[in-house]
Amino acid sequence: MEQRDPLVAGQIPRLDREVRALLNAGRLPEANSLFDEVVTKVSPGADRWVRSAVLVNRAVMAWRLGRIPLALELAAEGWTDLDADRSDSPAVAHTMGSLGYLMEGIGNRRAALDMLRLSVQVARRAGNTDVLAHCLQRLGGSLNFRACSGPPAAAPAIFEEALAYLDEGLGIVKDEVHRRALLGACGRSLAGVGQLDKAEEMGEETLRLALDADDLWGISVGNWVLAVVRREKGDFDEARTLASRAVTSAERINDTSLLLRFSTELADICHSLGDAVGEAEALRRSMAASRTARETLQEGLGQALEQRRVAVQAQRLAVAAQEAAARDPLTGLANRLGLERAAAALLESTAARGRVPWLVLVDVDWFKNVNDDAGHATGDAALREIAALLRRECRSDDLVARWAGDEFVVLLGDTGPNMDVGPNVAERIRAAVDGHDWTMVLGAVRRPTVSIGVAAGPAKLDQLFAAADMALYRAKRHGRNRVEVEPSVDEVPGIVSGN
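Every residue gets a number counted from 1 within its own chain, in the order that chain's sequence is written. pLDDT decides what is reported in this predicted model: residues at 70 or higher carry local features, side-chain atom pairs at 80 or more are listed and counted, and totals for whole chains, interfaces and linings draw on all residues regardless. Heavy atoms from the whole structure form the basis of all side-chain values; hydrogens and water molecules are not counted.

- Under the annotation held in an unreviewed UniProt entry, the chain carries the name Diguanylate cyclase (GGDEF) domain-containing protein and is attributed to Lentzea albidocapillata.

Right, dumping it as structure tokens:
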């Protein structure tokens, strides 16, 4: 049976769907051969966001096939094409869900969960039930894995949250492929909250439907759910048989995430039975899957994905020497020259609409310590990370630049009626840097924070910068890792000074 993607109107090409079907059937050589034909074809569709969805879908398939560099290239190009302005597009929601799945496989779990939650929000706005069901399944499934691998005391609440998403998805899904996935994930959530009989029903239905469709992914998940139910009911012999089938199916489709989770549970079941040989074999499989995931993570694929996205974006923008000269090569942001060139037009258009521009001046705290303790290469990596956080917290129309060294500038033009937009954006940036997981970039080195000065007013760039710089000085003097707001350059009514 051909497996359909939930994007409407056949926007995922037929050959792409056939590759996914071969993958889920465990026919990896055939999938690999057909995928070579797929990636040589130009992505269809004039719409940029549909092309993005196709590219990221192909990145996921390349990842499943073990073709990591190609997966990164496709994901980077698709991510760059992602049209943030189309926040009500089903294709954008689908792409975010696929990116979240890819991040989960890479090991960037925190970013994965954020992306998956965002995909659900966009899918709700888009009003496409198939895409929403697809995004709900991926979010609920990821939460299930969090519950299984985290502290036991926290698991019930996480399973409950996952169950709410998965129940919603089952209530609206029409696509049979994603119905099977939702049934399996929902069964695991139900087992996690102690509803074993209902979990067993869903596991059996998942397995029956998957066997009819020759879907090894669904077969693996269905057996896993039933194994968990049998284990909870004390039937460890049957649980071992079912868990072993789940592991074998996960190996056949080369799904590292499933293999790692299922082989760990198989080892636990064998241990309960006193089956030392079975436990050792399950642990060997678990360690092999874990080693694959760890080696992938150690290669810095999560960071490389973001860097490649920036590189593709910078390459597209640098179509002339003049434009290249206005961009910072380290972060991909506009540099001082680029800011000065673009600021005049932005300030002029803002004034023409009767709006008030804001300038946000960001300075990295303790950055000298990062360079001294970890070296300049690590310092450069930290600056790239901060640049990525700035882009994430700002709108596509905002002008974001690296001013010099560890100083960044954000110029907000179309502020609308909200007179607090500058301080609000500044606080989002501060909180994002303060709450960021710096372990991969800095290790044990003291993590950076940012101090931020904010100013507003119908003024020239140099006047706004000088006012924001005064507020930044106060933020540094008052203890760092804070936002200070300078009174309006021209005393614009409604702007509140201080923080």
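**Some details on the overall build of the chain**
Here's step 1: In this text, helices come from DSSP runs of H or I with a minimum length of four residues, and strands from runs of E with a minimum of two, each type numbered from the N-terminal end. Regarding its fold elements, the chain presents 22 helices and 5 strands.
Here's step 2: Under the scheme applied here, a residue whose accessible area is under 20% of the maximum for its type counts as buried, over 50% as exposed, and between as partly exposed, the area being computed with a 1.4 Å probe on protein chains only. For the chain, the residues scored as buried account for 55% of the 499 residues in total.
Here's step 3: Within the chain, residue pairs in contact and separated by at least 24 positions form 66% of the contacts whose partners lie at least 6 positions apart.
Here's step 4: A total accessible area of about 21,300 Å² is found for the chain, and carbon and sulfur atoms account for 51% of it. Should any heavy atoms of two residues lie within 4.5 Å, those residues are considered in contact. Computed with the Shrake-Rupley method and a 1.4 Å probe, the accessible areas treat only the protein chains shown as cover for residues.

**Observations regarding the packing of helix H12 (residues 236-252) against helix H13 (residues 256-273)**
Here's step 1: In this analysis an axis means a line fitted to C-alpha atoms, helices contributing only their contacting stretch, and an angle means the value between N-to-C directions, from 0 to 180 degrees. As a packed pair, H12 and H13 sit with axes 9 Å apart at the nearest point and diverge in direction by 155°. In terms of orientation, H12 lies roughly antiparallel with respect to H13. Relative to H13, the crossing made by H12 is left-handed. Contacts between H12 and H13 pair Phe236, Asp237, Ala239, Arg240, Ala243, Ser244, Ala246, Val247, Ala250 and Glu251 from the former with Leu258, Leu259, Phe262, Ser263, Leu266, Ile269, Cys270, Ser272 and Leu273 from the latter.
Here's step 2: Counted by class, the contact of H12 with H13 contains 13 nonpolar, 3 polar and 3 charged residues. Under this scheme an angle from 65 to 115 degrees is roughly perpendicular, one under 35 degrees roughly parallel, and one over 145 degrees roughly antiparallel; angles in between are oblique. We call a crossing left-handed when the near helix sits turned anticlockwise from the far one by less than a right angle, and right-handed when that turn is clockwise. As a working rule, the residues Ala, Val, Leu, Ile, Met, Phe, Trp, Tyr, Cys and Pro are called nonpolar, Asp, Glu, Lys and Arg charged, and the rest polar, with Gly in that last group.

**Quick word on the pairing of strand S3 (residues 407-412)**
Here's step 1: Most of S3 is tucked away: 6 of the 6 residues are buried.
Here's step 2: In this structure, strand S1 (residues 358-364) lies alongside S3, joined through 6 bridges in antiparallel fashion. Bridge pairing links Val362 to Phe408 in S3.
Here's step 3: Two strands qualify as a pair provided that DSSP identifies no fewer than 2 bridges between them. As defined by bridge partners, strand S2 (residues 399-404) adjoins S3 across 5 bridges and the pair is classed as antiparallel. From the neighbouring strand, Val400 faces S3, where its bridge partner is Val410.

**So, the nonpolar core**
Here's step 1: Take the buried Ala, Val, Leu, Ile, Met, Phe, Trp, Tyr and Cys residues and link them wherever side-chain atoms come within 4.5 Å; each set so joined is a nonpolar core. Membership of the largest hydrophobic core comes to 70 residues, with the highest contact counts inside it found for Leu139, Cys186, Val221, Trp224, Leu258 and Phe262.
Here's step 2: If sequence neighbours within four positions are ignored, Cys186 has contacts with Leu163, Leu166, Asp167, Leu170 and Met202.
Here's step 3: Leu330, Leu383, Val400 and Val483 belong to the second largest nonpolar core, which has 35 residues in total.

**Focus: the side chain of Asn128**
Here's step 1: Relative to the assigned elements, Asn128 resides in the loop between helix H6 (109-126) and helix H7 (129-149).
Here's step 2: Contacts described as polar in this section are N or O atom pairs within 3.5 Å, which, within protein, must combine one atom able to donate a hydrogen with one able to accept it, while residues neighboring in sequence count only if both atoms come from side chains. In terms of polar contacts, Asn128 uses its side chain to reach the backbone amide nitrogen of Asp130, at 3.1 Å.

**Quick look at helix H22 (residues 461-477)**
Here's step 1: Taking 1.5 Å of rise per residue, 17 residues should cover 24 Å, and H22 covers 24 Å from first to last C-alpha, within 8% of that figure.
Here's step 2: All of the buried residues in H22 are Leu461, Leu464, Phe465, Ala467, Ala468, Ala471, Leu472, Arg474 and Ala475.
Here's step 3: Against helix H17 (336-352), S1, S2, S3, strand S4 (450-456) and strand S5 (483-485) lie the buried residues of H22. To estimate the expected span of a helix, count its residues, drop one, and scale the result by 1.5 Å.

**Observations concerning the packing of aromatic side chains**
Here's step 1: Each Phe, Tyr or Trp ring, with Trp reduced to its six-membered ring, pairs with another whose centre is within 6.5 Å; inter-plane angles below 30 degrees give stacked pairs, above 60 give edge-to-face pairs, and intermediate values give tilted ones. Counting across every chain of the model gives 3 aromatic pairs.
Here's step 2: Taken together, the aromatic side chains of Phe145, Trp224 and Phe262 make up a single cluster linked through ring pairs.
Here's step 3: Across the ring face of Trp366, the terminal group of Arg446 is positioned such that the distance to the ring centre comes to 4.0 Å.
Here's step 4: Across the ring face of Trp366, the terminal group of Arg480 is positioned such that the distance to the ring centre comes to 4.6 Å. Two conditions define a charge located above a ring, namely a distance within 6 Å from the ring centre to NZ of Lys or CZ of Arg, and an angle within 35 degrees of the ring normal.

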